[in-house]
Amino acid sequence: MKKIKYILILLLTIYGVKNYAQQFKFQHYSVEEGLPQSQVYAMIQDSRGLLWIGTKGGGLSKFNGKEFTTFTKEEGLSGDQIYALFEDSKQNIWIGTGNGITHYNGINFTKHPISKKYDIMVSAIAEDHNNVIWAATNAGLYYYEKKQWVAFISNNTKLKYNISCLFVDSTGVIWTGNDNGLFKINEGHVSRYTNKGGLSSNKVRSINELNGELLVGT
């Protein structure tokens, strides 16, 4: 009798999960629906509920749930290939492109070039607990201070190039990664973690936090 009850409970659980999963509805958006380009590299929802979508060469799109509004270099973007999007604590949108960063204050776009000599690709943007904006780039890690980008100087040469991700955890510690592992930046001190210490791979591509635990995508 107990076995029958267990089987019945299992069937009800599976049936409930199946029915719940069937409630999801997917809506496809592409060029035909208003996106300027079908390859999406970055996306965030801002504090006002708007979706911001970065594309590979088509610029930046804002989606209000009904229609897309697109912004390109003609409107003031640093570039039309968008790799990173971030909303700061003051509700400004920071846009990482294939040629530096653009900042949007809700009215105007303002370019903030990282280098005047080279095109620097920005892969991720974050804000620390001191409200300092950080940028992960193919030329290393930078932070925004006194209206200019300053290169983060580290004795660890493995952190100098091709930074792929960036994250500030709930305690204010900065985490970043590239093909050389995971890096922890705490009050200017840098620690490096690799597959020798437990990572599944040294190629770190994404970082997040769940219930106080760090999640690292490799």
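Relevant structure appears above.
What comes next concerns the included structure. A quick note: this is a predicted structure, and the numbers were derived from the prediction, not measured.

**Topic: the sheet that holds strand S10 (residues 133-137)**
Pairing is antiparallel across the open sheet formed by four strands, whose spatial order is S9-S10-S11-S12. Lying at the two open borders of the sheet, with one neighbouring strand each, are strand S9 (122-127) and strand S12 (148-151). This sheet shows a mean twist of 30° between the axes of neighbouring strands, independent of strand direction.

**Here's the deal with the pattern of salt bridges**
A complete count under the given rule lists two salt bridges for this structure. In this structure, the salt-bridge partner of Asp46 is Arg48, at a minimum N-O distance of 3.6 Å. Note on Asp46: relative accessible area 4%, which makes it buried.

**Observations concerning the sheet that holds strand S8 (residues 109-112)**
Paired through their backbone hydrogen bonds, the strands of a sheet run either parallel or antiparallel. What the four strands build is an open sheet, ordered S5-S6-S7-S8; its pairing is antiparallel. Because the sheet does not close on itself, it has two edges, and the strands there are strand S5 (82-87) and S8. Shown here is a sheet whose adjacent strand axes are inclined to one another by a mean of 20°, direction ignored.

**As for the packing of aromatic side chains**
Note on aromatic pairs: each is described by the distance of the centres and the angle between the planes. Tallied over the entire structure, the rule returns 15 aromatic pairs. Centroid distance Phe63 to Phe68: 4.3 Å. Interplanar angle 20°. Geometry classified as stacked. For the residue pair Phe63 and Phe68, the accessibility class agrees, reading buried in each case. An aromatic cluster is built from Trp52, Phe71, Tyr104 and Phe109, whose rings are joined through pairwise contacts.

**Considering the environment of Gly76**
When you line up the elements, Gly76 lands in the loop between strand S4 (68-71) and S5. Here the alpha-carbon distance between Gly76 and Lys111, two residues 35 residues apart in the chain, equals 7.0 Å.

**A closer look at the pairing of S9**
In terms of burial, S9 is a largely internal element, six of the six residues being buried. Across five bridges, S9 lies against S10 in antiparallel orientation. In the strand pairing of S10, Glu127 is matched with Ile133. Here S9 hands over to S10 after five residues, with Asn131 in that stretch at a positive phi of 65°.

**Side note on the environment of Gln45**
You can see Gln45 is positioned in strand S1 (residues 40-45). Along the primary structure Gln45 and Lys62 are separated by 17 residues, whereas in three dimensions their C-alpha atoms are 9.6 Å apart. With residues up to four places along the chain from it excluded, the contact list for Gln45 reads Leu50 and Leu51.

Reading guide: rules and limits
- In this convention, every chain numbers its residues from 1, walking through the sequence in written order.
- Local features in this predicted model are restricted to residues whose pLDDT is 70 or higher, and side-chain atom pairs enter the listing and the counts only when it is 80 or higher, whereas totals over whole chains, interfaces and linings include all residues.
- Hydrogens are left out, water is left out, and the side-chain values use all remaining heavy atoms of the structure.
- When DSSP finds two or more bridges between two strands, those strands count as paired.
- In DSSP terms, a helix is any run of H or I states spanning at least four residues, a strand is any run of E spanning at least two, and both are numbered starting from the N terminus.
- An axis is simply a line fitted to the C-alpha atoms; with a helix, the fit covers only the stretch in contact. Between two such axes, the angle follows the N-to-C directions and lies from 0 to 180 degrees.
- The salt bridge definition used is simple: a Lys or Arg side-chain nitrogen within 4 Å of an Asp or Glu carboxyl oxygen.
- Only protein chains enter the accessibility calculation, which uses a 1.4 Å probe. A residue is then buried if its area is under 20% of the maximum for its type, exposed if over 50%, and partly exposed in between.
- The pairing test for Phe, Tyr and Trp rings, Trp by its six-membered ring, is centres within 6.5 Å, and the orientation test on the planes gives stacked under 30 degrees, edge-to-face over 60, and tilted for anything in between.
- In what follows, a contact means two residues having at least one pair of non-hydrogen atoms within 4.5 Å.

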